[in-house]
Amino acid sequence: MGLLGGLPTPRSMLLLCLVAGVSAQNLASLKPIGASQALDVSVSDDGAFELRFGGSAWFRGGDVKVRSDGAAYSLAEKTLKHVKTTRTTGADGFGAYEATAVRWDAGGSPFVTEVRAYASAVIFAQRFPAGLNGTGLEDADDVVSGWPSLRVRGDRGFVHWRGDMLGSRAAVGNTSNLTDLAGGLEDTGPVCFFDDDASAVVSAASSFMSVNHVLDDDGALTYGLMGRVKAVPAGHVVETIVHLSKEGVNAAMDAWGAALLARYGKDRAVAEADFTVNYLGYSTDNGAFYYYGSEKNKTMEDTILDVHAYAEAAGIPYRYALLDSWWYYQAADTGGVTNWTARPDVFPSGMRHVRDATGWPIVAHNRYWSGETVYAKQNGGDFDFIIEDVRGGKHGGSWAFPDDPAFWDHLIGTAADDWGLATYEQDWLFNEFSAMAAPLESATLARDWLAAMNDAALRHDVTIQYCMSWSRHMLQSVELQAVTQARASGDYHAGDGQWQLGLSSIFARAIGVAPTKDNFWSLPTTRGAPRYPGAHEPHNRLEAAASTLSGPVAPSDPVDGSDVALILKSCAADGKLLQADGPATYLDAALRARAGLAGSDPALASGPVLATSAVVDGLHYRYLFVANTTEKIVVAPDALCRGAPAPCAGDLVAFEANATDAPVAFSRDRPLRVAPTDEWTFEIHTVAPVLPNGWTFLGETAKWIAVSNDRVEAIAYDDAGVHVTVRGAAGER
């Protein structure tokens, strides 16, 4: 079925027509391709387009531009010469298509723009048949090629995933003000435009690491190769996808992500089966009690072993440990890695001893490379690195960039074999990509870097966690099977409120990656951390709940300093996390309110209003999470279930898990009413179906997620009652 398998057929009720840089009078001259009720694409012989969807205009085409041999060529300036237009049909990883390709002459160099229309998507392609030289600009945030150039039309909302940590600085806005659509290196990312009837997701579809989008002065959203790319290899292709849906933001993003994953053959099941995504862990990441600080008069080796002994005695089922950057060798000037092996002052007996003594697989942190790294041939090592002097900032000095696939086999393979590396955490991703010139000046180097890392991880049965990613890194992960998880909010620091993941989790779920909130302290009375002596966590319950509603869960408490009962609200006795089928994300109704769309409820924009679900043995359970809302909100079944796997049907019962467990009826006539909340009075509502025999299975009301596929295998019922089959640890009650 290809990329668009399972999406609306050409007979569904959508309309798309394409026109670029033409006046209203020319529209009649456009030649339709892909004509159907689902998608009607029209393209002029010179590639002009307008995009119509659901009977109304969404985008109008702008300019076509490209640089070659130090000069700029564009359709608008009449310096880009039309050569010929070709119309074809075919099929590829996206499915069957009809296409219009325009060949241009850019000062003697060929450049091709192409529109391919599929059942529910349009691909805009830039092709470089002979390559190009002399393309680079000084501004890395600009583009050296531009197609498509989309002028946004109509009064619609948008979500733009931008910034670091899986697009965690995502902006929700309205097309009346396009400022938050600005892109460049840091902020290029998927954009979902939406109204009450439909959604269109726009993003790169290939060459993810080297594509920028920019917001031009005339309001056009233009996609192309990033500004400092000096040359483009022959045969290179840059693609942009516009994916169309008659759904809200959540379902539209899921369909867009499924399309990209299918094209590149990435299987969600790998992330879903990742051990460190599925079990409780112990963290020493930034903000952890033992981050760059051990127990008094002890090494970090002693401290980790003491944490293990305490957890065993207290009944905390930690199943792995995350070791941050404090254990390996770093350069004094840049902080870059010189040798990714354990320092003897940190682990006197070695990493293998810690692995064997605890039984914990290791999630191991890594950062950018120092120009002094022992692995580089320039320093007597065995592998190819690019070394540059990076100026400015507190990390200025000599940096290195690995450019040798064999290096990753050595690094990851040695760690996996010698000391039990389970998940490789690549941190400082955007720094390593943007600090040096080499990755910014190449159309392919950054992708090759991440692909080599991925391929080595797969060969050694290791998964990868991304940290400090930009959206381009996460888009690139649709090609990278080993990337199973990513940090989705800033670094945790006790009391700083970094628990809000509802927007980044939409992006994560769409591309098959588990979003992680980072670590947390489970007791509000904890103080005296070596690095943060005055810090404490007043909102421990919220931190625990938010972790459970995202991805990996990993407390970071001191020895003898955990709220065991609170930690166990997230998991079974053997550490198996009890979670919904996906992370909690903003309700579509809340996004419409935040975008200020007509008819939306402004109260839903007063704070995070998130939901997720679990389909257990065919029964649909929903979870509503509300925190830090300044107004009373009202949520009816239609709002809770829009974008969920199935509509809310039949009779429903709800109960709140933070402060109560008393069930109440839930219906259109009896919606959930939530008073203003803060970080202590947040609410988590479980919504359960009433079975045909009148019974309702509410599950484990002491857990954040009362009914999940992690615990429940089967739910059967008859006139006498309900029969539930569950799984758990030996002796668990």
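Above this note sits the structure.
Reading guide: rules and limits
Residues numbered from 1 in each chain as written. Predicted model: local features only at pLDDT ≥ 70, side-chain atom pairs only at ≥ 80, totals over all residues. Heavy atoms only, no water. Salt bridge = Lys/Arg side-chain N within 4 Å of Asp/Glu carboxyl O. Helix = DSSP H or I, 4+ residues; strand = E, 2+ residues; numbered from the N terminus. Buried < 20%, exposed > 50% of the residue type's maximum accessible area, 1.4 Å probe, protein only. Pairing = 2+ DSSP bridges. Contact = heavy atoms within 4.5 Å. Axes fitted to C-alpha atoms, helices over the stretch in contact; angles between N-to-C directions. Parallel < 35°, antiparallel > 145°, perpendicular 65-115°, else oblique. Nonpolar A, V, L, I, M, F, W, Y, C, P; charged D, E, K, R; others polar. Phe/Tyr/Trp six-rings, centres within 6.5 Å; stacked < 30°, edge-to-face > 60°. Expected span 1.5 Å × (residues − 1). Core = buried A, V, L, I, M, F, W, Y, C linked by side-chain atoms within 4.5 Å. Arc of directions from axis to C-beta. Polar contact = N/O pair within 3.5 Å; in protein donor to acceptor, adjacent residues only side chain to side chain.

Turning our eyes to something else, we now look at the pattern of salt bridges. Counting across every chain of the model gives 31 salt bridges. A salt bridge links Asp638 to Arg668, with the shortest nitrogen-to-oxygen separation between them at 2.6 Å. Taken together, the positions of Asp638 in helix H17 (residues 637–641) and Arg668 in the loop between strand E39 (664–666) and strand E40 (672–674) put the pair 30 residues apart, joining distant regions of the chain. Look at Asp638 and you get partly exposed, because its relative accessible area is 46%. Residues joined by salt bridges that share partners form a network here, namely Asp92, Glu114, Arg116, Arg127, Glu239 and Arg263.

With that settled, the discussion passes to the sheet that holds strand E31 (residues 463–466). Strand order in the open sheet formed by 7 strands is E22-E23-E26-E30-E31-E32-E33, with parallel pairing between adjacent strands. In the strand order of this sheet, the two ends are held by strand E22 (282–283) and strand E33 (514–516), each with one partner. Contacting strand E30 (421–426), E31 and strand E32 (483–487), helix H11 (residues 445–459) crosses the sheet at an angle of about 145 degrees to E31.

Moving on: the packing of helix H6 (residues 300–314) against helix H7 (residues 351–358). In contact at an axis separation of 10 Å, H6 and H7 are set at 10 degrees when each is read in the N-to-C sense. In terms of their interaxial angle, H6 and H7 are classed as roughly parallel. On H7, the residues that touch Glu301, Ile304, Leu305 and His308 of H6 are His353, Val354, Ala357 and Thr358. Considered class by class, the residues forming the contact of H6 with H7 number 4 nonpolar, 3 polar and 1 charged.

Glancing now at the environment of Thr701. Mapped onto the elements, Thr701 comes out in the loop between strand E41 (683–689) and strand E42 (712–718). Judged by its relative accessible area of 26%, Thr701 is partly exposed. Between the C-alpha atoms of Thr701 and Thr686, which are 15 residues apart in sequence, the distance is 9.0 Å. In this structure, Thr701 is in contact with Phe655 and Asp661, ignoring residues within four places of it in sequence.

This part covers the packing of aromatic side chains. A full pass over the atoms with the stated rule returns 39 aromatic pairs. One aromatic cluster is present, built from ring pairs that chain together Trp327, Tyr328, Trp340, Trp369, Tyr375, Phe383, Phe385, Phe407, Trp408, Trp419 and Tyr424.

Over its 15 residues, H11 runs 21 Å from end to end, which matches the ideal 21 Å to within 8%, given 1.5 Å per residue. Along H11, the residues that are buried comprise Leu445, Ala446, Trp449, Leu450, Ala451, Ala452, Met453, Asn454, Ala456 and Ala457. Two residues or fewer past H11, Asp461 is found with a positive phi of approximately 60 degrees.

We now examine the pairing of strand E17 (residues 199–204). When you tally the buried positions in E17, you get 6 out of 6 residues, the bulk of the element. Where strand E16 (residues 191–194) lies against E17, 4 bridges are found, and the strand directions are antiparallel. Bridge assignment links Val191 to a residue of E17, and that residue is Val202. Hairpin connection, E16 to E17: the antiparallel pair is bridged by 4 residues. Bridge count between E17 and strand E21 (residues 236–245): 6 bridges; the pairing is antiparallel. What sits directly across from Val201, in E21, is His243.

Below, the discussion takes up the sheet that holds strand E12 (residues 145–146). As summarised here, the arrangement of the 3 strands in space is E6-E5-E12, forming an open sheet in which the pairing is antiparallel. The sheet terminates laterally at strand E6 (71–74) and E12, the two strands that pair on one side only. Where strand E5 (residues 65–68) lies against E6, 4 bridges are found, and the strand directions are antiparallel. Its bridge partner being in E6, Arg67 is matched across the sheet by Ala72.

All right, on to the nonpolar core then. Soluble, globular proteins show a tendency: their nonpolar side chains are buried together. The biggest cluster of nonpolar side chains holds 222 residues, and the ones touching the most others in it are Trp161, Phe193, Trp256, Trp327, Trp340, Trp369 and Trp408. Among residues more than four places away in sequence, those in contact with Trp340 are Trp327, Tyr328, Ala364, His365, Asn366, Trp369, Tyr375, Leu411, Ala415, Trp419, Leu421 and Tyr424.

Here the bond from Trp147 into Pro148 is cis, since omega is 0 degrees, no more than 30 degrees from zero. By secondary structure assignment, the location of Pro148 is in the loop between E12 and strand E13 (149–152). Phi is positive for Met165, close to 55 degrees, though the residue is something other than glycine. With a phi close to 90 degrees, Asp518 is a non-glycine residue in the positive phi region.

Turning next to H7. Those residues of H7 not exposed but buried are Met351, Val354 and Thr358. Relative to the axis of H7, the buried residues are bounded by an arc of 60 degrees and lie together on one face. Each element contacted by the buried residues of H7 is listed here: H6, strand E23 (321–323), strand E25 (337–342), strand E26 (362–366) and helix H8 (405–419). Of the residues flanking the end of H7, it is Gly359, one or two places downstream, whose phi is positive at about 75 degrees.

This paragraph deals with the side chain of His213. Summarising the element assignment, His213 is placed in strand E18 (residues 211–215). What His213 contacts, discounting residues up to four positions off in sequence, is His160, Leu181, Ala182, Gly183, Gly184, Asp187, Thr188, Gly189, Val191, Leu221, Thr222 and Tyr223.

As for its placement among the helices and strands, Asn278 is situated in helix H5 (residues 275–278). Classification of Asn278 by relative accessible area gives buried; the value is 14%. At a separation of 2.7 Å, a polar atom in the side chain of Asn278 contacts the main-chain carbonyl oxygen of Glu272. Among the polar contacts made by the side chain of Asn278, one reaches the side chain of Lys576 at a distance of 3.2 Å.

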